[in-house]
Amino acid sequence: YISPPTTVTTLKKRKRVASPKDLNTLIVDDSVVSCRMLMRQCKDLGIEKCQTSHKGEKALVLYQNMRPFHLIFMDLNLGDGISGLDTIQKIREMKNDQPVIISISGNILSETELNNANIDGILSKPLSRTQLKSVLDEHFEFNSLRVPPA
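Residues numbered from 1 in each chain as written. Predicted model: local features only at pLDDT ≥ 70, side-chain atom pairs only at ≥ 80, totals over all residues. Heavy atoms only, no water.

**Quick notes on the nonpolar core**
Move 1: Ranked by internal contacts, the top residues of the largest apolar core, which has 19 residues, are Leu 38, Leu 71, Phe 73, Leu 123, Leu 132 and Leu 136.
Move 2: Secondary-structure elements contributing two or more residues to this core are helix H1 (32–44), strand E4 (71–75), strand E5 (100–105) and helix H5 (129–140).
Move 3: Here this core gets 4 residues from one element, more than from any other, and that element is H5.
Move 4: Core analysis: the second largest hydrophobic core is formed by 18 residues, Leu 60, Phe 69, Leu 76 and Ile 88 among them. (Core = buried A, V, L, I, M, F, W, Y, C linked by side-chain atoms within 4.5 Å. Buried < 20%, exposed > 50% of the residue type's maximum accessible area, 1.4 Å probe, protein only. Helix = DSSP H or I, 4+ residues; strand = E, 2+ residues; numbered from the N terminus.)

Listed below in structure tokens is the structure:
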């Protein structure tokens, strides 16, 4: 199981090179407040192109029509409709340049569930800018990013 909600865990190391300004990001969370907070944190780190969705179905439509997304933050426990895990599975089944998918969740899943989800990393709520930067550094080689003071 994943340790307490303030840790960052990276399941797979997959480096991608991108400029923060050009990084197309999708945030999927049924909480409007969580989406706004994560979007603000992304902007603080120089990521300007952020889209949000509060449902898995809308996220799939955005993914199909607004490609390429380089990075997706996915809440695993979406409210109504398809779950975050099912949304991830459908994205992974599409034959195109696959994004880095980072799970954001307040719940702890088993290691088997996380491996089966085919995600690239985990951020547990509550999120911090430092945790977000660590995950971005792991996948995107953002050498020029600096974390603003909290």
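**A short note on the environment of Phe 69**
Move 1: Relative to the assigned elements, Phe 69 resides in the loop between helix H2 (56–65) and E4.
Move 2: Overall, Phe 69 belongs to the buried group, its relative accessible area being 4%.

**Looking at H1**
Move 1: Its 13 residues give H1 an end-to-end C-alpha distance of 18 Å, which sits within 8% of 18 Å, the value for a rise of 1.5 Å per residue.
Move 2: When H1 is considered as a whole, its buried residues turn out to be Cys 35, Leu 38, Gln 41 and Cys 42. Around the axis of H1, the buried residues are gathered within 130° of arc, so they sit on the same side. Exposed residues on H1 whose side chains face more than 90 degrees from its buried face are Val 33, Arg 36 and Arg 40.
Move 3: Where H1 is buried, its residues contact strand E2 (24–28), strand E3 (49–53), E4, E5 and H5.
Move 4: One or two residues past the end of H1 sits Gly 46, with phi positive at roughly 95°. (Expected span 1.5 Å × (residues − 1). Arc of directions from axis to C-beta. Contact = heavy atoms within 4.5 Å.)

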